[in-house]
Amino acid sequence: MLPLWVAVVAVSALATPAPGAGGQRRGAVKAWADAPNVVLVVSDSFDGRLTFYPGSQVVKLPFINFMKAQGTSFLNAYTNSPICCPSRAAMWSGLFTHLTESWNNFKGLDPNYTTWMDVMEKHGYRTQKFGKLDYISGHHSISNRVEAWTRDVAFLLRQEGRPMVNLVPKKTKVRVMEGDWKNTDRAVNWLRKEAINYTQPFVLYLGLNLPHPYPSPSSGENFGSSTFHTSLYWLKKVSCDAIKIPKWSPLSEMHPIDYYSSYTKNCTGKFTEKEIKDIRAFYYAMCAETDAMLGEIILALHQLDLLQKTIVIYTSDHGELAMEHRQFYKMSMYEASAHVPLLIMGPGIKTNLQVSNVVSLVDIYPTMLDIAGIPLPQNLSGYSLLPLSSEMFKNERKFKNLHPPWILSEFHGCNVNASAYMLRTNQWKYIAYSDGASVLPQLFDLSSDPDELTNIATKFPEVTASLDQKLRSIINYPKVSASVHRYNKEQFIKWKQSIGQNYSNVIANLRWHQDWLKEPWKYENAIDQWLKIHSDPNI
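Residues numbered from 1 in each chain as written. Predicted model: local features only at pLDDT ≥ 70, side-chain atom pairs only at ≥ 80, totals over all residues. Heavy atoms only, no water.

1. Considerations on the pairing of strand S14 (residues 442-445)
- Because side chains alternate across S14, one face comprises the buried residues Gln442 and Phe444, and the other comprises Leu443 and Asp445, equally buried.
- Pairing of strand S13 (residues 428-433) with S14 involves four bridges; the strand directions are antiparallel. Pairing of Lys429 across the sheet is with Phe444, part of S14. (Buried < 20%, exposed > 50% of the residue type's maximum accessible area, 1.4 Å probe, protein only. Helix = DSSP H or I, 4+ residues; strand = E, 2+ residues; numbered from the N terminus. Pairing = 2+ DSSP bridges.)

2. A closer look at the sheet that holds S13
- Overall, antiparallel pairing links the four strands, which are arranged S11-S12-S13-S14 in an open sheet. Every other strand in the sheet has two partners, leaving strand S11 (406-411) and S14 as the edge strands with one partner each. Adjacent strand axes in the sheet meet at a mean angle of 15°, parallel and antiparallel pairs treated alike.
- Of the strands in this sheet, S11, strand S12 (420-425), S13 and S14 are in contact with helix H15 (residues 461-474), which crosses S13 at around 70°. (Axes fitted to C-alpha atoms, helices over the stretch in contact; angles between N-to-C directions. Contact = heavy atoms within 4.5 Å.)

3. Here we look at the side chain of Ser226
- Tracing the backbone through its elements, the reader meets Ser226 in the loop between strand S5 (202-207) and strand S6 (227-230).
- Of the residues examined, Ser226 reaches a relative accessible area of 0% and is grouped as buried.
- Of note is the side chain of Ser226, whose polar atom sits 3.3 Å from the backbone oxygen of Gly161.
- Beyond its immediate sequence surroundings of up to four residues, Ser226 is in contact with Gly161, Arg162, Pro163, Met164, Pro213, Tyr214, Ser216 and Phe328. (Polar contact = N/O pair within 3.5 Å; in protein donor to acceptor, adjacent residues only side chain to side chain.)

4. Comments concerning the nonpolar core
- Counting residues in each nonpolar core, the largest one holds 86 residues, and the members touching the most others are Leu191, Phe202 and Leu301.
- Counting residues in hydrophobic clusters, the runner-up holds 40 residues, among them Val146, Phe155, Leu423 and Phe492. (Core = buried A, V, L, I, M, F, W, Y, C linked by side-chain atoms within 4.5 Å.)

5. Points about the packing of aromatic side chains
- Counting across every chain of the model gives 27 aromatic pairs.
- Here Trp92 and Trp116 contribute two aromatic rings whose centre-to-centre distance is 4.5 Å and whose plane-to-plane angle is 15°, an arrangement assigned as stacked. Taken together, the residues span a long stretch of sequence, with Trp92 in helix H3 (residues 84-93) and Trp116 in helix H5 (residues 116-122) at a distance of 24 residues. Trp116 shares its class with Trp92; the two are buried.
- Residue placement shows Arg162 over the ring face of Phe271; its charged tip is 3.8 Å from the ring centre.
- Positioned above the aromatic ring of Tyr329, the side-chain terminus of Lys330 is 4.1 Å from the ring centre. (Phe/Tyr/Trp six-rings, centres within 6.5 Å; stacked < 30°, edge-to-face > 60°. Lys NZ or Arg CZ within 6 Å of the ring centre and 35° of its normal.)

Listed below in structure tokens is the structure:
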């Protein structure tokens, strides 16, 4: 049962005019009374399937449920690149990954890139950002960069710690992810002390790190984040009986890209059913804590009488595999990794509406501008979501084809040894790799195979060919893959030269050190052979 104030807030929100209502949508930011505030909360690694049935049965998410009831939820929202920086670069630029060349966690947008927030500020909005941004080039660890650059090298090394769980000793601990809670507090204080006094509309961004796994120092200082960490307080929000143990294909039958990913993520060893269930339970508990932070923002807006004039959007940069397909983390086009939550509520937004259209994170940019009544640039990859969610768009037939019936996602980073391209339509998910010929594609019908266990690309060759043709009309993916190959090699050479005589010691002690140090000369020789191979200039 939702609190009583929820019903009161809902009634007042419904009575508020839609963004730009009254014939002044475009350029309406000058009329402060008509322009809504906007709050965007973006978490990390949140599986979008948890926001609707049956995934919603496994963990209590009261504030996500509140947004569903009082707004519009998108049932088929996807990341444009299932890894932190490239995904966020797409969200902040409104452009597909290959257009900004945001190839990996080290290569994102230029620091001076004009984002949707910059445009809104130019048009009179007061703006503020708190927490995780991660869309600018130059961040993340050296190991993360080198792993991405050397993914074409003919070796196979574990790059992550084995996924594990860690329970906080204090059973009642609520604020487990203290950094995220501090940023949430900062956002709430800004609303209370500054935003409440503004005469202009404001846009607030809050970026959360949860439910991203925590670092695993026990596996070595250079290992990544493979620990699912929470307290009993949050575990009690999880319905253990509803946790599904994912089916795995035998290692010998895995798609070659999946095997590489599973191996480099340290997941090809034996896992008991209890281990898998614990990892999934702890992950869901981390999602519950994330929901609570979203709730702090919603409660603050309500207490300040701002909720009825503020559009709230919640989404995530990507999902979390949580041991589906014998993997954790993201870097995959499978649903657990690529499917993200996307919910919108506020003045003029349709309530209790579930939209089945496929949409993606590049749609955030035009949606933010559309809310503010700012004319949209013509070069964006995304489309405004308001025609699908706003009260002012009454004629659904007129606008149903505004957003194309497909989305594009691509991946060029670490833990995957070929560039991957996903074309998602209402019925099909088609995944092409590299040049389209050297690696077998994948095709899934999610209506009959929601767990994506059966690749039917060879069973339906005409469908596969048609989807591949459509994908190539959107992106020349063999050419993009060749560009990434060249970029990886160029960046690695520059890095190697910058290290100088210390190269052998540095590369041996990155996150793959447990494997590398067994046969260091073998792996250095593999890199040397890779560097001697020249890219085809004709591609």
